[in-house]
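Breakdown of the fold
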Amino acid sequence: MTHRLLGLAAALALALGVGPASAQQKLKVGFIYVGPVGDHGWSYQHDQGRKAIERELGARVETTFVESVPEADSERAIEGLARTGHGLIFTTSFGFMEPTLRVARRYPNVKFEHATGIKRAANVATYAAKFHEGRYIIGQIAGKMTKTGIIGYVGAFPIPEVVAGINSYFLGAQSVNPNVKIKVVWVNSWYDPAKEADAAKALLDQGVDVLAQHTDSPAPLQQAEARGKLGFGQASDMERFAPKAQLTAIVDDWSGYYVQRAKAVLDGTWKSEDTWGGLASGMVKMAPYKNMPDDVKKLAEETEAAIKAGRLNPFKCPVFKQDGSEVECKGNGALSDEQVLGMNFYVKGIDDRLPQ
Amino acid sequence: MTAFEAILLTIVTASTPLLIAAMGELVAERSGVLNLGVEGMMAMGAACGFAAAVTFDSTIIGIAVGVLAGTAMAGLFALAVLGLAANQVGSGLALTIFGLGLSGLIGAPFVGARRDPVSPLAIPGLTDLPGVGRLMFGQDAFVYFSLALTVAVALFLGRSRSGLTLRAIGENHASAHALGLPVLRTRLLALLFGGACAGLAGVYLSLIYTRFWSPGMTAGRGWIALALVVFAAWRPAYALIGAYLFGTATVLQLHAQAGQIGLPAQLLSAAPYVATILALVLLSLGRGRAIGAPGSLGQPFVPER
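Residues numbered from 1 in each chain as written. Chains lettered and ligands numbered in written order. Predicted model: local features only at pLDDT ≥ 70, side-chain atom pairs only at ≥ 80, totals over all residues. Heavy atoms only, no water.

1. A word on the packing of aromatic side chains
For the coordinates displayed, the defined rule picks out 21 aromatic pairs over all chains. Centroid distance Phe90 of chain A to Tyr127 of chain A: 6.0 Å. Interplanar angle 85°. Geometry classified as edge-to-face. With a gap of 37 residues between them, Phe90 of chain A in strand E3 (residues 88–91) and Tyr127 of chain A in strand E5 (residues 124–129) connect regions that are remote in the sequence. Overall, Phe90 of chain A belongs to the buried group, its relative accessible area being 0%. With a centroid separation of 5.7 Å and 65° between ring planes, the pair formed by Phe157 of chain A and Trp190 of chain A is classed as edge-to-face. Placement of Phe157 of chain A in the loop between strand E6 (150–155) and helix H6 (160–176) and of Trp190 of chain A in the loop between strand E7 (181–186) and helix H7 (193–205) is noted, with a sequence separation of 33 residues between them. Judged by relative accessible area, Trp190 of chain A falls into the buried class, the value being 12%. Taken together through their ring pairs, the aromatic side chains of Phe31, Tyr33, Trp42, Phe65, Phe90, Tyr127, Phe131, Trp254, Tyr257 and Tyr258 of chain A make up a single cluster. Seen from the ring of Phe320 of chain A, Lys348 of chain A lies directly overhead, with NZ or CZ sitting 5.8 Å from the centre. When the ring centre of Tyr238 of chain B is taken as reference, the NZ or CZ atom of Arg235 of chain B above it lies at 5.5 Å. (Phe/Tyr/Trp six-rings, centres within 6.5 Å; stacked < 30°, edge-to-face > 60°. Helix = DSSP H or I, 4+ residues; strand = E, 2+ residues; numbered from the N terminus. Buried < 20%, exposed > 50% of the residue type's maximum accessible area, 1.4 Å probe, protein only. Lys NZ or Arg CZ within 6 Å of the ring centre and 35° of its normal.)

2. So, the sheet that holds E3 of chain A
Residues and elements named next belong to chain A. Reading across from one edge, E2-E1-E3-E4-E5-E11 is the order of the six strands in this open sheet, with parallel pairing throughout. What marks the edges here is a single partner per strand, and that holds for strand E2 (61–66) and strand E11 (274–277). Along the sheet, successive strands turn relative to each other by an average axial angle of 15°, direction set aside. Pairing of strand E1 (residues 27–32) with E3, which is carried by four bridges, proceeds in the parallel orientation. (Pairing = 2+ DSSP bridges. Axes fitted to C-alpha atoms, helices over the stretch in contact; angles between N-to-C directions.)

3. Focus on the pattern of salt bridges
Under the counting rule described, the total for this entry stands at 20 salt bridges over all chains. Among the salt bridges present, the one from Arg120 of chain A reaches Asp274 of chain A, with a minimum N-O distance of 3.6 Å. Here Asp274 of chain A lies in strand E11 and Arg120 of chain A lies in the loop between strand E4 (111–115) and E5, a separation of 154 residues in the sequence. Residue Asp274 of chain A is classed as partly exposed on the basis of its relative accessible area, which comes to 38%. Here Asp192 of chain A ties to Arg221 of chain B by a salt bridge, and the two come within 3.2 Å at their closest N and O atoms. Remark: Arg221 of chain B occurs in helix H10 (residues 221–231) and Asp192 of chain A occurs in the loop between E7 and H7; the pair is interchain, linking two chains. (Salt bridge = Lys/Arg side-chain N within 4 Å of Asp/Glu carboxyl O.)

4. Some points on the state of the cysteines
Cysteine pairs can be linked by a disulfide, which is a covalent bond between their two sulfur atoms. Under the defined criterion, the tally for this structure stands at one disulfide over all chains. In this model, Cys317 of chain A is linked to Cys329 of chain A through a disulfide, with the two sulfur atoms separated by 1.8 Å. Handedness here is read from the sign of the S-S torsion; for Cys317 of chain A and Cys329 of chain A, about 95°, the answer is right-handed. A residue pair is termed long-range when its members are at least 10 positions apart, and Cys317 of chain A in the loop between helix H10 (294–308) and helix H11 (337–341) and Cys329 of chain A in the loop between H10 and H11 qualify at 12 residues. Judged by its relative accessible area of 33%, Cys329 of chain A falls in the partly exposed class. Cysteine Cys48 of chain B is unpaired, with the sulfur of Cys197 of chain B as its nearest cysteine sulfur at 17 Å. (Disulfide = S-S within 2.5 Å.)

5. Remarks on the domain arrangement of chain A
All names here are of chain A. The domain architecture assigned to chain A consists of domain 1 (22–129 + 254–277) and domain 2 (131–252 + 284–309). Between domain 1 and domain 2, the contact holds 16 residues from the first and 18 residues from the second. Among the residues of domain 1 in contact with domain 2, His40, Trp42 and Ala129 are the three that bury the most area, contributing 37% of the side total. For the pair domain 1 and domain 2, the interface holds zero salt bridges. In this structure, the connection of domain 1 to domain 2 is made through four residue pairs in polar contact (both at pLDDT 80 or more). Contributions of two or more residues to the side of domain 1 that touches domain 2 are made by helix H2 (42–57) and E11. The element that contributes the greatest number of residues to the side of domain 1 that touches domain 2 is H2, accounting for three residues. Per-class residue counts for the side of domain 1 that touches domain 2 are eight nonpolar, six polar and two charged. (Domains from an automatic or database assignment. Contact = heavy atoms within 4.5 Å. Buried area = accessible area lost by both parts, 1.4 Å probe. Polar contact = N/O pair within 3.5 Å; in protein donor to acceptor, adjacent residues only side chain to side chain. Nonpolar A, V, L, I, M, F, W, Y, C, P; charged D, E, K, R; others polar.)

Right, here's the structure in full:
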């Protein structure tokens, strides 16, 4: 909020014509975050990317961020950045999609980058990371580590990105433990630590002993730690919150991509395109494997290497839906990117109903 | 511990911060002041309390500082609405925005710090009783305090002379003033009490509930507490029912999801709000006569000289 106020003050100064004379040459890069930068997860990692831009490009850029922007009310914030001379704007949540596109139409000279989106325009690029690759690895670890045979998942919203993550996690677990069961709880929020903790408690109370999450705070992992159970960090290495419980974490690393895109704008080579990097590109990284026996660690490392080398795809065909029907294989030996990005079904073996 | 006991324990911890914050706001509103800044005061309590607990490595100091922070925020609000007779709705909204922002600033250096759990009450013999042992004798101190607080507020408002004075001021401040009752002083005290409660509720979130601090972690609980007061028709007992009903529905819907009962998750997420509103509306209807808001609620008072 403070930063937002500072940003507004800066914007006002510019509007009144008292901005720095060098504003013309400098590229102003703006960021819209869905949560607070201190969430230790999703928004925190995007902010690390913003800092990387400042570090690498120094005097050639200037960055601004607006944090905790509600998805339903994001258009004002995005337009605010566009209006105040930002040449490149990153909007970092799925729900910012339509507002970003609307603002982009009004500001054709501003470049937009929408994270995890599926719609592009001449000045709107999309980018995402193949988190589901990491989720396949943690699924295998969960499948090996569970004693009760029930693994849990705290989900934010039933959107394709999250659903694909659950499927990948489950397929990973199933690949090493055919009888494994999964329980999923939706909290309908990206960030509500207390509610995430309650969801984790509910899962643990129902026999789950390894917990994965697709919400942004360390609360679920911390509940696992408090109960002597296991879990995985989300988006960021959360080991300090759960030194005994965190098996590993799927870490998003946006730094390389953000620096590259800011450079492209400066050099005039920026194009609207879709980037979807995974473990191989370094956009997704795995935190150190801990709190597990050596054989499980070895398995995880081998899987990680295989995915990196392109030898293994979590959604290799055949993939079956819950009703047993086979999903048409539109990719090369696996589901196509579009199929994964638009995934709206659970795979066979998950005996829960996906909220539509 | 059986699954049933575990669920009950979770319900209690989910309901407690709502109950504490709602009690504070209830007293403030009964005195005739609408403070929409509960969320901001809670956020400040959570941030300052956590910062102090980490700095001094003491939960007690953390709680004290959290309560003080909430009280200080309420003091600021009182300065505006009592001292300067400013608009209460506007000032309250400003207090929330200010509190959320300032708490982010104060808490920033403590992002990532963590505290060890506070051990719950343990009475040898009683706590180990099967069934009810953990539930009745194994909670953290906040839980017992919140229940005692409810009883105390109910007795104060309903059975004490000062409580009657406070209610009279809330119903009609002009008449109360004409009778020589100290309108502004009573309202100041009521507001400070509300702030202390909100601060305490905030500390509960950061020190007991999640044991870490992060910006915006109150996630709208202050607003829920505010709504509870209205739907409880400004009655402590109903606020208690409302808070626990809300906590119960919140936790049960998560269990229902994990238990795979097949209802849409979005519907289940809405259940706590629907259930609480329905129940409290029905409760209020059942009394035969409608219980309205305190007569002077939200109106600025400027004593005539």
